[in-house]
Amino acid sequence: MDTAPTVQRTASFYFSRITGFILLLSLSATFFYSAYTKSGIEFHGLHMFANDNAFDSFQWTFLDMGFSSMLVTGIIARAMIGFELLLGLLLLFHIYLRPFTYKAIIVVLSIFIIYLLIVILKQGNTGNCGCFGDKLAMKPLTAIWKNVAMIAVTVLLWFVYPVKPYKYQEFVFLFLCLVAFSLPYIVNPVFTGTEPEKYAKTVDLGLLYKYTPAPSVDLRTGKHIIAFMSLTCPHCKKAAYLLQIIHHEHPEIPVFMVLDGAAANEKKFFDETHAEQVPYILYNHLSEFMQMAGSSVPSVYWVNNGVIEYKSTYAYYQLDPVYMEQWLKKP
């Protein structure tokens, strides 16, 4: 009578399994942390609240890739966060490791590496790649090496930690998919109010021309999207990052930045925002700056012949190029 071969439980066998289990948990934790840092969830003690900045930064990555709709990029960003969360859950619960999970990780990380190489070619190895949101700043080249290391770990797991599919695994897989792809929408509901707010008010842009250097364009005539920002304001940096994407993808939209702050902070501002190609002026006259910008920044105004017709109160969401182009076409 034939008997099934038994696996010899040697010391090397246990070492391989324990090492594999530790590596698998580490890989799972990395995907969980990556999804967490992009999601906009914050924990202070036992209290949880939303931090929209983290999610916005990740969402704008897809604007930078050429998508023009905030709604579309929001859906893509939530899907990506959900997929990272799913990979972490599949690893943790040992779901289809060889048939699906290990392969999916290698493919996804390879795509990320290609994207980061494109970023380096376009912008250089500067700024934060956004791999871990705003929690852990990482330059693109560092992120590439991180992804290469994760691929190496996954390949090693393929050989040292094979787990056979277990009973009812398909139902667990479907349940985890539902959880992973639903949570990003619960944490960050889709915001559809991207239309700017009406705001009929005159602004004295002549103040910009009292000193030298003055803006290279005449902002007092015609239509312009004018953003008043501080070099050290984190919200301003987010808005500037989004404006540089809009300027790159839609050069016909007349965007201009008026920046307040010490010249020593200028390089750091542009390293983080990549907005040096957007027309701007460094305007260090605080009283006049506040007279035009108001009491808070970023102040993003849609100006027509010196009259603010609209303002982007929610500066991140109400800078939709679709509405900008519609506004420019109006007589």
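All of these numbers come straight from a predicted model, not from anything done at the bench.

## Some remarks on the sheet that holds strand 3 (residues 197–202)
(1) Moving on: Reading across from one edge, 3-8-7-4-5-6 is the order of the six strands in this open sheet, with mixed pairing throughout. Each edge of the open sheet is held by one strand with a lone partner, namely strand 3 and strand 6 (280–282). Here the strands of the sheet are splayed against their neighbours by 25 degrees on average, with no regard to which way each runs.
(2) Moving on: Sheet topology places strand 3 next to strand 8 (residues 307–311); four bridges connect them, and they run antiparallel. The residue bridging Thr202 from the neighbouring strand is Val307, located in strand 8.

## Digging into the packing of helix 4 (residues 97–123) against helix 5 (residues 140–160)
(1) Moving on: Direction vectors running N to C along helix 4 and helix 5 enclose 165 degrees, while the axes themselves pass 9 Å from each other. With respect to their mutual orientation, helix 4 and helix 5 come out roughly antiparallel. For helix 4 against helix 5, the interelement crossing comes out left-handed.
(2) Moving on: A class-by-class count of the residues in the contact of helix 4 with helix 5 yields 21 nonpolar, three polar and two charged.

## Side note on the packing of helix 1 (residues 11–39) against helix 3 (residues 70–92)
(1) Moving on: Across the interface, helix 1 lies against helix 3 with an axial gap of 8 Å and an inter-helix angle of 155 degrees. Judged by the angle between their axes, helix 1 and helix 3 are roughly antiparallel. Along this stretch, helix 1 crosses helix 3, giving a crossing that reads as left-handed. Residues Leu24, Leu25, Leu27, Ser28, Phe31, Phe32, Ser34, Ala35, Lys38 and Ser39 of helix 1 form the contact with helix 3, whose own contacting residues are Ile81, Glu84, Leu85, Leu87, Gly88, Leu89, Leu91 and Leu92.
(2) Moving on: Class assignment of the residues belonging to the contact of helix 1 with helix 3 gives a composition of 12 nonpolar, four polar and two charged.

## Comments concerning unusual backbone geometry
Most peptide bonds are trans, and most residues other than glycine sit at a negative phi.
(1) Moving on: Geometrically, the link from Thr212 to Pro213 is a cis peptide bond, its omega value of 0 degrees lying close to zero.
(2) Moving on: Despite not being glycine, His94 has its phi angle at roughly 55 degrees, a positive value.
(3) Moving on: Topologically, His94 is positioned in the loop between helix 3 and helix 4.
(4) Moving on: Phi is positive for His274, close to 55 degrees, though the residue is something other than glycine.
(5) Moving on: Counting through the fold element by element, His274 comes out in the loop between helix 8 (266–273) and strand 6.

## So, the pattern of salt bridges
(1) Moving on: Per the counting criterion, the structure on display carries five salt bridges.
(2) Moving on: Linking Glu288 and Lys210 is a salt bridge whose minimum nitrogen-to-oxygen distance equals 3.7 Å. Pair noted here: Glu288 is in helix 9 (residues 286–293) and Lys210 is in the loop between strand 3 and strand 4 (223–230), with a separation of 78 residues, a long-range link.
(3) Moving on: A residue is classified by how much of its surface remains accessible, and Glu288, at 11% relative accessible area, is buried.

## Some remarks on the packing of aromatic side chains
(1) Moving on: Following the criterion strictly, the structure yields 15 aromatic pairs and no others.
(2) Moving on: An angle of 45 degrees between the planes, with centres 5.4 Å apart, marks the rings of Tyr33 and Phe132 as tilted. Highlighted residues: Tyr33 in helix 1 and Phe132 in the loop between helix 4 and helix 5, separated in sequence by 99 residues.
(3) Moving on: Exposure remark for Tyr33: the relative accessible area of 33% places this residue in the partly exposed category.
(4) Moving on: Three or more aromatic residues link up through ring pairs in this structure, and these residues are Tyr199, Phe228, Phe289 and Tyr301.
(5) Moving on: One cation-aromatic arrangement involves Arg220 over Tyr209; the distance from NZ or CZ to the ring centre is 4.0 Å.
(6) Moving on: A cation over a ring is seen here: Lys223 above Trp327, with NZ or CZ 5.2 Å from the ring centre.

## Here we look at the side chain of Arg78
(1) Moving on: Tracing the backbone through its elements, the reader meets Arg78 in helix 3.
(2) Moving on: Here Pro189 takes part through its backbone oxygen, which lies 3.2 Å from a polar atom of the side chain of Arg78.
(3) Moving on: If we skip the residues at most four places from it in the chain, Arg78 touches Phe55, Pro184, Tyr185, Asn188, Pro189, Val190 and Phe191.

## Topic: helix 4
(1) Moving on: Relative to the 39 Å expected for 27 residues at 1.5 Å per residue, helix 4 spans 36 Å between its end C-alpha atoms, a close match to the ideal helical length.
(2) Moving on: All of the buried residues in helix 4 are Leu97, Thr101, Tyr102, Ala104, Ile105, Val108, Leu109, Ile113, Leu116 and Val119.
(3) Moving on: Immediately downstream of helix 4, the backbone of Gly124 shows phi near 85 degrees, a positive value.

## Describing the confidence of the model for the chain
(1) Moving on: The predicted model of the chain has a mean per-residue pLDDT of 87, with 92% of residues at 70 or higher.
(2) Moving on: Model confidence for the chain, summarised as mean pLDDT per element, is weakest for strand 2 (residues 47–50) at 46 and strongest for strand 5 (residues 255–260) at 97.
(3) Moving on: pLDDT under 50 marks residues 1–5. Its contacts with residues more than four places away, or in other chains, come to zero contacts.
(4) Moving on: Overall, residues 46–51 carries pLDDT values under 50, and its contacts beyond four positions in sequence, including any with other chains, amount to 11 contacts.

The rules behind each value
- Residues numbered from 1 in each chain as written.
- Predicted model: local features only at pLDDT ≥ 70, side-chain atom pairs only at ≥ 80, totals over all residues.
- Heavy atoms only, no water.
- Pairing = 2+ DSSP bridges.
- Helix = DSSP H or I, 4+ residues; strand = E, 2+ residues; numbered from the N terminus.
- Axes fitted to C-alpha atoms, helices over the stretch in contact; angles between N-to-C directions.
- Parallel < 35°, antiparallel > 145°, perpendicular 65-115°, else oblique.
- Left-handed = near helix turned anticlockwise from the far one by under 90°.
- Nonpolar A, V, L, I, M, F, W, Y, C, P; charged D, E, K, R; others polar.
- Contact = heavy atoms within 4.5 Å.
- Salt bridge = Lys/Arg side-chain N within 4 Å of Asp/Glu carboxyl O.
- Buried < 20%, exposed > 50% of the residue type's maximum accessible area, 1.4 Å probe, protein only.
- Phe/Tyr/Trp six-rings, centres within 6.5 Å; stacked < 30°, edge-to-face > 60°.
- Lys NZ or Arg CZ within 6 Å of the ring centre and 35° of its normal.
- Polar contact = N/O pair within 3.5 Å; in protein donor to acceptor, adjacent residues only side chain to side chain.
- Expected span 1.5 Å × (residues − 1).
- pLDDT = per-residue confidence, 0-100.

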